[in-house]
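Topology and contacts: notes
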Amino acid sequence: MDVVEPLLIDPGSGSPDTMGRIRRVFIESLHLNLREQDLRYEAKLDESVGLDSVAVLEFVTALEMEFGIQFEPEMLTIDLVRNMKELASYVDERVARRCPSREPA
Amino acid sequence: MRVTNPHLAAPEANPAALSAAKADPMPLVALPLVTLNDLLWLLYLYPIRLLARFLPRWSLYAIGKLSDPIVQFHARRRKARAVPWIAEACHTTPRDAARIASQSLSNNMFRTLDELLMLRPSFDKMLCCTFIAGMQHLENAIAGGKGVVLTVGHFCATRVCLRYLASKGYAVLSVHNQRPSNKAEGRLGRFLQPHFIRLQKLAYTDHVYLQDPDCSLKIMGRLRRGGLVVLQADGRGATRMVEQVFLGVPWLVATGIYEIVRLLDCAVVPMLCLGRSTGFRIRFDPMLAIRPAPSREAFMSANLPGFLAALEKQIIENPEEWTLWNHF
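As the structure is a prediction and not an experimental result, all values here were calculated from the model.

Comments concerning the nonpolar core
By size, the foremost hydrophobic cluster in this structure holds 81 residues, and its most contacted members are Phe-26, Phe-59 and Phe-71 of chain A together with Ile-219, Tyr-258, Trp-322 and Trp-325 of chain B. The dominant element in this core, judged by the number of residues it contributes, is helix α3 (residues 53-67) of chain A, at eight residues. When sequence neighbours within four positions are dropped, the list of residues in contact with Phe-71 of chain A reads Val-60, Leu-63, Glu-64, Leu-76, Leu-80, Leu-87, Tyr-90 and Val-91 of chain A together with Arg-224 of chain B. Core analysis: the second largest hydrophobic core is formed by 44 residues, Leu-116, Met-118, Phe-123 and Leu-228 of chain B among them.

So, the pairing of strand β2 (residues 148-152) of chain B
Every other side chain in a regular strand lies on the same face of the sheet, so the side chains alternate between the two faces. Residues and elements named next belong to chain B. Extensive coverage of β2 is indicated by the burial of five of its five residues. Taking every second residue as pointing to the same face, both faces of β2 are buried, with Val-148, Leu-150 and Val-152 on one and Val-149 and Thr-151 on the other. Pairing geometry for β2 and strand β5 (residues 228-232), over five bridges, is parallel. Opposite Val-152, over in β5, you have Gln-232 as the bridge partner. Sheet topology places β2 next to strand β8 (residues 267-276); four bridges connect them, and they run parallel. By the bridge assignment, Leu-150 is partnered in β8 with Val-269.

Here we look at the interface of chain A and chain B
Contacts between the two partners involve 28 residues from chain A and, on the opposite side, 28 residues from chain B. Together chain A and chain B conceal approximately 2300 Å² of surface at their shared face, both sides included; 60% is due to carbon and sulfur atoms. Here Arg-296 of chain B and Glu-58 of chain A are joined by a salt bridge, their closest N and O atoms 2.5 Å apart. In this assembly, chain A and chain B are joined by three residue pairs in polar contact (both at pLDDT 80 or more). At the level of elements, α2 (45-49), α3 and α4 (78-82) of chain A are the ones that each hand at least two residues to the side of chain A that touches chain B.

Regarding the sheet that holds strand β1 (residues 129-133) of chain B
Residues and elements named next belong to chain B. One open sheet holds the seven strands; their spatial order is β1-β9-β8-β2-β5-β3-β4, and the pairing between them is mixed. With one partner strand each, in any of the chains shown, β1 and β4 (207-209) form the two edges of the open sheet. Taking the axes of each pair of neighbouring strands and ignoring which way they run, one obtains an average angle of 25° across the sheet. Two elements, strand β3 (residues 172-176) and β5, share three bridges in a ladder whose sense is parallel. Within β5, the position partnered with Val-172 by the bridge is Leu-228. Sheet contacts for helix α7 (residues 135-143): β1, β2, β5, β8 and β9 (279-284); angle to β2, the most-contacted strand, approximately 145°.

Description of the confidence of the model for chain A
Residues and elements named next belong to chain A. In the predicted model, chain A carries a mean pLDDT of 81, and 82% of its residues have values of at least 70. When pLDDT is averaged over each helix and strand of chain A, the minimum, 77, is found for α2 and the maximum, 93, for α3. Across residues 1-9 the pLDDT falls below 50, and counting only partners more than four positions away or on other chains, this stretch makes 13 contacts in the model.

Overview of the environment of Arg-262 of chain B
Structurally, Arg-262 of chain B is set in helix α11 (residues 256-264). Residues Arg-262 of chain B and Ser-295 of chain B, spaced 33 residues apart in sequence, show a C-alpha to C-alpha distance of 9.1 Å. Once you skip the residues sitting within four places of it in the chain, Arg-262 of chain B turns out to touch Glu-58 of chain A together with Ser-295, Arg-296 and Phe-299 of chain B.

Topic: the packing of aromatic side chains
For the structure shown, the criterion picks out 14 aromatic pairs over all chains. Pairing Phe-71 of chain A with Tyr-90 of chain A gives two aromatic rings, centres 5.3 Å apart and planes at 45°, and the pair type is tilted. One end of the pair, Phe-71 of chain A, is in the loop between α3 and α4; the other, Tyr-90 of chain A, is in helix α5 (residues 84-98), with 19 residues separating them in the sequence. Overall, the relative accessible area of 1% leaves Phe-71 of chain A in the buried class. With a centroid separation of 4.9 Å and an interplanar angle of 80°, the aromatic rings of Trp-322 of chain B and Trp-325 of chain B are classed as edge-to-face. Take Trp-322 of chain B and Trp-325 of chain B: they sit in the same class, and that class is buried. Each residue in the set Trp-85, Phe-246, Trp-251, Trp-322 and Trp-325 of chain B is aromatic and connected to the rest through ring pairs, giving one cluster. Lying across the ring of Phe-73 of chain B, Arg-76 of chain B places its NZ or CZ 4.0 Å from the centre.

Focus on the pairing of strand β7 (residues 249-254) of chain B
Residue and element names in this part refer to chain B. Sheet topology places strand β6 (residues 241-246) next to β7; six bridges connect them, and they run antiparallel. Bridging across to β7, Gln-244 finds its partner in Trp-251. In this structure, the hairpin formed by β6 and β7 is closed by a connection of two residues, where Leu-247 is found at a positive phi of approximately 55°.

Side note on the pattern of salt bridges
Pairs can form between side chains of opposite charge whenever their charged atoms are close. Residues and elements named next belong to chain A. The tally for this structure, following the rule as stated, stands at 24 salt bridges over all chains. Between Glu-28 and Arg-24 there is a salt bridge; the shortest N-O distance is 3.5 Å. Here Glu-28 and its partner Arg-24 are both found in helix α1 (residues 16-29), four residues apart, which amounts to about one turn of the helix. Through salt bridges with shared partners, a single ionic network connects Arg-21, Arg-24, Glu-28 and Glu-66.

Here we look at the packing of helix α2 (residues 36-54) of chain B against helix α9 (residues 187-203) of chain B
Residue and element names in this part refer to chain B. Interhelical geometry of α2 versus α9 gives an angle of 40° and a closest axis separation of 9 Å. Accordingly, the angle class assigned to the pair α2 and α9 is oblique. The hand of the α2/α9 crossing is left-handed. On α9, the residues that touch Asp-38, Trp-41, Leu-42, Tyr-44, Leu-45, Tyr-46 and Arg-49 of α2 are Arg-187, Leu-188, Gly-189, Leu-192, His-195, Phe-196, Leu-199 and Leu-202. Tallied by class, residues from the contact of α2 with α9 come to 10 nonpolar, two polar and three charged.

About the cut-offs
Residues numbered from 1 in each chain as written. Chains lettered and ligands numbered in written order. Predicted model: local features only at pLDDT ≥ 70, side-chain atom pairs only at ≥ 80, totals over all residues. Heavy atoms only, no water. Core = buried A, V, L, I, M, F, W, Y, C linked by side-chain atoms within 4.5 Å. Buried < 20%, exposed > 50% of the residue type's maximum accessible area, 1.4 Å probe, protein only. Helix = DSSP H or I, 4+ residues; strand = E, 2+ residues; numbered from the N terminus. Contact = heavy atoms within 4.5 Å. Pairing = 2+ DSSP bridges. Buried area = accessible area lost by both parts, 1.4 Å probe. Salt bridge = Lys/Arg side-chain N within 4 Å of Asp/Glu carboxyl O. Polar contact = N/O pair within 3.5 Å; in protein donor to acceptor, adjacent residues only side chain to side chain. Axes fitted to C-alpha atoms, helices over the stretch in contact; angles between N-to-C directions. pLDDT = per-residue confidence, 0-100. Phe/Tyr/Trp six-rings, centres within 6.5 Å; stacked < 30°, edge-to-face > 60°. Lys NZ or Arg CZ within 6 Å of the ring centre and 35° of its normal. Parallel < 35°, antiparallel > 145°, perpendicular 65-115°, else oblique. Left-handed = near helix turned anticlockwise from the far one by under 90°. Nonpolar A, V, L, I, M, F, W, Y, C, P; charged D, E, K, R; others polar.

Okay, structure coming up:
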């Protein structure tokens, strides 16, 4: 039986739903032979599987499609993309900016 | 970053190329102390580079002309290998192919001298563009708003032309391979390699290296701002490659550029740069028609032959200016 890792969300990280979706997009867009639960939220994404630069781009564009957002050019850095918590936080912020009604009060 | 993990499917990655890329360099003790190639690089990196700081361009070119016989002698075996290839690809006689091989080598040497001149703060004022054709193609592509990928081949004047375009307000992000072209045949050459890389970094102001982990993200950022990125379509430094026939021979084509185009839907404009800093010409061809496709593989099948055909045409029209004939 697979042991599912508990979600431990740091302050400032994205919502659990967003993190789960990001993890799914990461695996699906790069056709990884991994189960979602094998990918720890704390792990650096590129170090977990060894990505080349184009794979990073594929992942980012897949995220944009999944969430209906567009990354700001100045935010396109490997440091943001490799860190799932920071990435989820950024994605949540972009989604909220796109849909102001969903912003927390 | 390289594809290093078996979890990551990379169906188009060429195993031979990947294993070559990962191969450990030959141990120092197995190398000769010094080779003619190393000596040429030593001359280039130090005395000629120092002279290039203050000598007038014509005298630097005169030094280049004087060294031409040495360069031709040094490359004689590579030239001999290139002649049948040139003759077949360009549908010409072996005699003409030999002339093309020699001229390509000379032009390449003047390119390296131009790269030393690029280090001068006043280099922009030394640039002499004699002709630009097809500027409307570039403007149309920029007007699309999704950024423009300029595809070029390994032509001698490309870097000079990019510098000129930047001075005219068309800043172009260029992508380089950090593995130096200095092949480090001897121990001296191995010692010189880091110095050569440092020199390259000084000469190229607006660039990103293929080896940078966020290389593609930087390209994406530039394109998202509606900017220009130049990529060498005949470049062989990459982790993702497919084998295609190019100029009549099997060629490992780096596919990263095409994947970027597929993912970002940007415009692709072939650019041709000819000449040297004393007089160069730039030509922009019409935007390439991109056929959308549902998958990476289908996109490559639909578009790669067209992209390569455009580049082959440029090379066959200007064989003396293409630097890769004598490279292998």
